[in-house]
Structures are given as structure tokens and as C-alpha cells.
Amino acid sequence: MTSNCMVCDGTSAQYHFGATVCRACAAFFRRYVNTKKLTILCNCLAKKGEKKIEFRKLRKHRIIFIKIESAETQVGDPYLISESQYPCRLCRMKKCIAVGMERSKVQGPRDINNPLKRKMIEGSSSSSSSPSSSSSSLSPVSFNSQIEYGITFRTMEILNLIAKNYRNLEITRSTIFNMNHEKNVLGVNLYELSLEVKTDTKLLWKLCETTFPEFNRLNQNDKKILFYNFYAKWSILEVAMFSAKYNDPHNFYSPSGAIATSINDFYCNTVREKSVLSEEEIIRIFEPYWTYHFQNVINPFVKLKFDEIENMALFGLMLWDAGYVNISEELGATCHAMRKLICRELKSYHEENRMMSNRFFETLDTLNMVEKAENKCQEEIELCGIYNFEVDEDMKNIIMWQKY
């Protein structure tokens with residue numbers, strides 16, 4: 001299915017740099033971002049011929065002067081352009097930004113040894129014209145130029161933003177859950193953990209909205225699909241992250257930082273009500289799931305010693321996962337584009353920090369490890385329902401979400 005370009009209304013548009021545009025507008029946007037330019041004013045009037053504009057360019061100072069015979073219309077009014085004519089470079093760039101295209105998603109110039117290709121210089125101006133006098137001399141146009149040094153060859157803008165917002169999330173968690181020593185000693189059981197998850201999902205939802213403009217622009221149904229596909233996997237990985245953070249690969253940690261109680265005490269109804277199963281039955285039924293998570297998720301993850309940026313890359317890759325049947329074609333295209341950007345930043349991070357070449361693939365292999373653990377988690381929740389262990393319904397719906 002093809003769509004029309006959001007910039008020029010051309011056909012055969014696809015997702016480029018944050019918006020659905022044709023290849024010509026995508027190429028224009030990339031060239032504009034990566035090329036050193038100083039745009040002084042809009043020249044749409046000159047192109048259409050509505051006004052006679054005389055240009056003179058002083059190369060030494062990179063300044064443009066104009067002479068306008070009549071000033072009935074402001075320079076740069078996009079409505080003066082005929083439908084069959086492209087706008088000027090400045091107006092076209094403004095339209096690109098208005099429809100959602102983002103400079104941060106454009107890969108920088110390849111030749112990083114050339115200083116002119118390591119920065120973007122962009123300027124814009126708005127000028128109002130006044131009636132021309134009888135004098136034939138040229139009058140300078142006032143303008144406000146903005147020089148922006150933006151695009152570099154390697155940036156980690158997405159990963160750094162996720163890391164920053166995730167640190168803020170941890171501060172919020174500590175305030176909301178109000179951890180104290182007594183609660184940490186007592187630990188949390190299954191029901192208490194499910195209540196924590198119910199609160200934590202709201203915090204993570206907000207994190208996704210504030211971190212990814214692409215997520216925020218989705219309709220509510222696509223947001224729900226993407227988030228529900230993501231949360232169970234992320235919660236499994238976070239348990240391993242907490243174990244690595246506290247240097248304790250022998251315990252489960254909840255989002256609040258509390259340690260899960262022993263197997264016998266963990267599986268109980270409501271707060272401290274005793275289970276109908278005997279201790280031997282609980283160990284026989286549920287211990288294999290605990291053993292699986294320790295042996296196949298927590299211990300391998302702790303040994304990998306991922307740092308903050310690598311963990312945040314996993315966050316983004318898990319969120320923007322298009323490998324499910326409930327993902328629409330349009331949402332899938334957005335997911336593929338976002339994962340490509342995140343992988344590019346992760347690879348650049350590994351290269352710049354001189355990490356082993358297989359480090360990138362070890363990070364991606366973690367996704368497969370977590371997906372297998374997610375199936376085990378769903379089996380465990382099903383058993384909890386069979387044996388009437390109380391779990392918050394919202395948490396259960398997210399874990400048992402049908403996405404395959």
C-alpha cells in the first residue's frame with residue numbers, strides 16, 4: 001500500500017526520517033541537513049514572477065541584498081506559489097519539519113575528516129518589504145540569521161534520551177513506592193508484586209511518550225498494542241537489570257527495589273493469607289520456573305555486564321518490535337525505521353568505545369533470551385489462575401496479552 005507524500009503530495013511515499021514522504025523529498029531533506037548552507041530569505045515570489053526582485057550576493061560576507069518594486073505581499077508567502085510549482089528551499093524545509101521529519105534521524109556525512117561535513121549551518125529570516133523609492137540604489141533587507149551546528153557523523157541522541165528519562169523514572173519510583181527497610185526485609189509476594197506492576201505500567205507508558213515523539217503521535221490503539229507487546233519482556237529484563245545493579249544474582253527484585261520472598265511465601269492469596277497448596281506442592285510446581293529465570297536470564301545477563309546505554313538500546317528495541325501479528329502495516333514500517341536507528345546508534349557506541357566486534361550481536365541475542373523467558377512467565381501466570389492465586393487483573397491482562 002502506497003501513500004502520498006506529506007510534503008509535495010507525490011505518489012509512492014514511504015516512511016523517511018519521521019514522516020511519510022516521497023524519495024525526492026527525503027533526499028532533499030537529507031541534503032539540506034548535511035550540507036553547509038545559510039538561507040537568508042524565501043524566494044518564492046522571484047520564482048513565480050509576481051514581483052521583480054534583484055539579487056546581489058557578496059560572497060565574502062555571505063549576505064544578500066534585494067530590490068523590490070512593489071510590496072503589496074510579504075516575501076515568503078507560500079500561497080503565492082502555483083500548485084504545479086515547488087516552493088523555495090526554505091519553505092520546502094519548513095514543510096518537511098511541519099509534517100514531522102526530524103534532523104536527528106538523518107545520518108551525518110560519511111567523510112568525518114572534512115570539518116565542513118561535520119556540521120550543518122542553517123539560517124532563516126523573515127523580512128517585510130517596504131515600498132521602493134525612486135532611487136535606483138539597492139536597499140539592504142534586515143534579517144535574523146541562525147547558525148546551527150547540529151548533525152555529526154555519529155550521535156546517540158535516542159539512546160541518551162532514553163537513559164536520561166529512565167533515570168528520572170527511577171527517582172519517581174523511589175518516591176511513589178516509598179521504600180523503607182521494613183518493607184525490604186519482609187519482601188513482596190505475588191499479589192503485592194502485581195499491584196506494583198499496575199502502578200509501574202503507568203510510569204513506563206509516560207516514559208515512552210516523553211522519549212519517543214513517534215510513539216506519542218500514534219493513535220491510542222496502536223499505542224496500546226505496542227506497549228502491551230513490550231511490557232512483559234521489559235519487566236523480565238528489568239529483573240535481571242536489578243540483580244546486576246545490586247550485584248545480587250540470587251534474588252528477584254520488584255520495580256520498587258523490594259526482594260521477592262521465598263517460593264513458599266511468594267505464592268499466597270492477597271497479602272499474607274496462606275496458600276491451599278502445601279509447601280512441597282508449591283516447590284514442585286513453581287520452583288522450575290524460578291530456576292529457569294535464574295539460569296537462563298539473570299545469571300547470563302549479569303555476566304554480560306551491560307552498561308546503561310546498552311540497556312537502553314534493549315529498551316528501544318523491545319518497544320519498537322514489529323514481529324507480531326497484531327501490528328498493522330503502517331505501524332510495522334515505523335517500528336522497522338526506529339529499530340534501524342537504534343541499532344545504528346548502538347553499533348556506533350560499541351565502535352567508539354572500542355568494544356569487541358561481537359558485543360553488538362551479544363546485545364541483540366538478549367532479545368531472543370527474553371522472548372523465551374516470556375513464554376515461561378505466561379505459563380506461570382496460567383498456573384496461578386489454576387490454583388486460585390490472586391493477581392491484579394490489569395497485570396494479568398498485560399502478561400497474557402495475545403500478540404502472536
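Residues numbered from 1 in each chain as written. Predicted model: local features only at pLDDT ≥ 70, side-chain atom pairs only at ≥ 80, totals over all residues. Heavy atoms only, no water.

Asks: An account of the nonpolar core is requested, with residue identities and associated values reported.
Replies: If you look at the biggest cluster of nonpolar residues, it comprises 82 residues, and the most contacted ones within it are Phe212, Phe215, Leu226, Trp234, Tyr267, Phe315 and Trp320. Per-element accounting of this core gives the leading share, 13 residues, to helix 8 (residues 220-245). In contact with phenylalanine 212, not counting residues within four places along its chain, are Ile158, Ile162, Phe315, Gly316, Leu319, Trp320 and Met338. (Core = buried A, V, L, I, M, F, W, Y, C linked by side-chain atoms within 4.5 Å. Buried < 20%, exposed > 50% of the residue type's maximum accessible area, 1.4 Å probe, protein only. Helix = DSSP H or I, 4+ residues; strand = E, 2+ residues; numbered from the N terminus. Contact = heavy atoms within 4.5 Å.)

Asks: Talk me through unusual backbone geometry; I want residue IDs and the actual numbers.
Replies: Positive phi, close to 65°, is recorded for aspartate 9, a residue that is not glycine. Among the secondary structure elements, aspartate 9 is positioned in the segment before strand 1 (14-16). Positive phi is not limited to glycine here, since asparagine 388 has a value of about 60°. Here asparagine 388 is to be found in the loop between helix 13 (359-386) and helix 14 (393-399).

Asks: Pulling in residues and values, what's your account of helix 10 (residues 279-304)?
Replies: Under the 1.5 Å per step criterion, the end-to-end length of helix 10 is 35 Å for 26 residues, consistent within 8% with the ideal 38 Å. Where helix 10 is concerned, the buried positions are Ile282, Ile285, Phe286, Tyr289, Trp290, Tyr292, His293, Phe294, Val297, Ile298 and Phe301. Its buried side turned inward, helix 10 meets helix 8, helix 9 (263-266), helix 11 (308-319) and helix 13. Remark: lysine 305 follows helix 10 within two positions and exhibits a positive phi of approximately 55°. (Expected span 1.5 Å × (residues − 1).)

Asks: Provide a residue-level description of the packing of aromatic side chains, including the pertinent values.
Replies: Two numbers describe a pair of aromatic rings. These are the distance of the centres and the angle of the planes. What the rule picks out here adds up to 23 aromatic pairs. When the centroid spacing of 6.0 Å and the interplanar angle of 90° are considered together, the rings of tyrosine 166 and tryptophan 234 count as edge-to-face. Of the two residues, tyrosine 166 sits in helix 4 (residues 157-177) while tryptophan 234 sits in helix 8, which places them 68 residues apart along the sequence. Classification of tyrosine 166 by relative accessible area gives buried; the value is 4%. Each residue in the set Tyr166, Trp205, Phe215, Phe227, Phe230, Tyr231, Trp234 and Phe315 is aromatic and connected to the rest through ring pairs, giving one cluster. Taking the ring centre of phenylalanine 360 as reference, the NZ or CZ of lysine 347 above it sits at 5.1 Å. Taking the ring centre of tyrosine 292 as reference, the NZ or CZ of lysine 376 above it sits at 5.3 Å. (Phe/Tyr/Trp six-rings, centres within 6.5 Å; stacked < 30°, edge-to-face > 60°. Lys NZ or Arg CZ within 6 Å of the ring centre and 35° of its normal.)

Asks: Residues and numbers for the confidence of the model for the protein chain, please.
Replies: Detailed reading of the predicted model is not advised wherever pLDDT is low. Averaged over the protein chain, the pLDDT score is 76; the fraction of residues at 70 or greater is 72%. Mean pLDDT across the elements of the protein chain ranges from a minimum in strand 4 (residues 63-68), with 38, to a maximum in helix 11, with 96. Note that pLDDT drops below 50 for residues 49-84; the model gives that stretch 68 contacts with residues more than four away or on any other chain. (pLDDT = per-residue confidence, 0-100.)

Asks: Let's hear about the state of the cysteines: which residues, and what values?
Replies: Think of a disulfide as a covalent bridge from one cysteine sulfur atom to another cysteine sulfur atom. One pass over the full model with this rule turns up 0 disulfides. The thiol sulfur of cysteine 377 is not disulfide-bonded, and the nearest other cysteine sulfur, from cysteine 384, lies at 9.1 Å. Residue classification places cysteine 377 among the buried positions, given a relative accessible area of 16%. (Disulfide = S-S within 2.5 Å.)

Asks: How would you sum up the packing of helix 4 against helix 6 (residues 190-211)? Please name residues and give values.
Replies: Put simply, helix 4 and helix 6 touch, their axes get as near as 10 Å, and they point 150° apart. Between helix 4 and helix 6, the angle is such that the two are roughly antiparallel. Here the hand of the crossing between helix 4 and helix 6 comes out right-handed. Across from Leu161, Ile162, Asn165, Tyr166, Leu169, Thr172, Arg173, Ile176 and Phe177 in helix 4, the residues of helix 6 making contact are Glu196, Thr199, Asp200, Leu203, Leu204, Leu207, Thr210 and Thr211. (Axes fitted to C-alpha atoms, helices over the stretch in contact; angles between N-to-C directions. Parallel < 35°, antiparallel > 145°, perpendicular 65-115°, else oblique. Left-handed = near helix turned anticlockwise from the far one by under 90°.)

Asks: Can you lay out the side chain of serine 194 for me, pointing to particular residues and giving the numbers?
Replies: Summarising the element assignment, serine 194 is placed in helix 6. A relative accessible area of 0% means that serine 194 is categorised as buried. Residues contacting serine 194, with those up to four places away along its chain left out, are Val391, Asp392 and Met395.

Asks: Lay out the packing of helix 11 against helix 12 (residues 329-352) with the relevant residues and their values.
Replies: Running from N to C, helix 11 and helix 12 point in directions that differ by 165°, and their axes come no closer than 9 Å. Classified by the angle their axes make, helix 11 and helix 12 are roughly antiparallel. When you trace helix 11 past helix 12, the crossing you get is left-handed. Here helix 11 contributes Ile309, Glu310, Ala313, Gly316 and Leu317 to the contact with helix 12, which in turn contributes Arg339, Ile342, Cys343, Leu346, Tyr349 and His350. Across the contact of helix 11 with helix 12, the residue classes break down as 7 nonpolar, 2 polar and 2 charged. (Nonpolar A, V, L, I, M, F, W, Y, C, P; charged D, E, K, R; others polar.)

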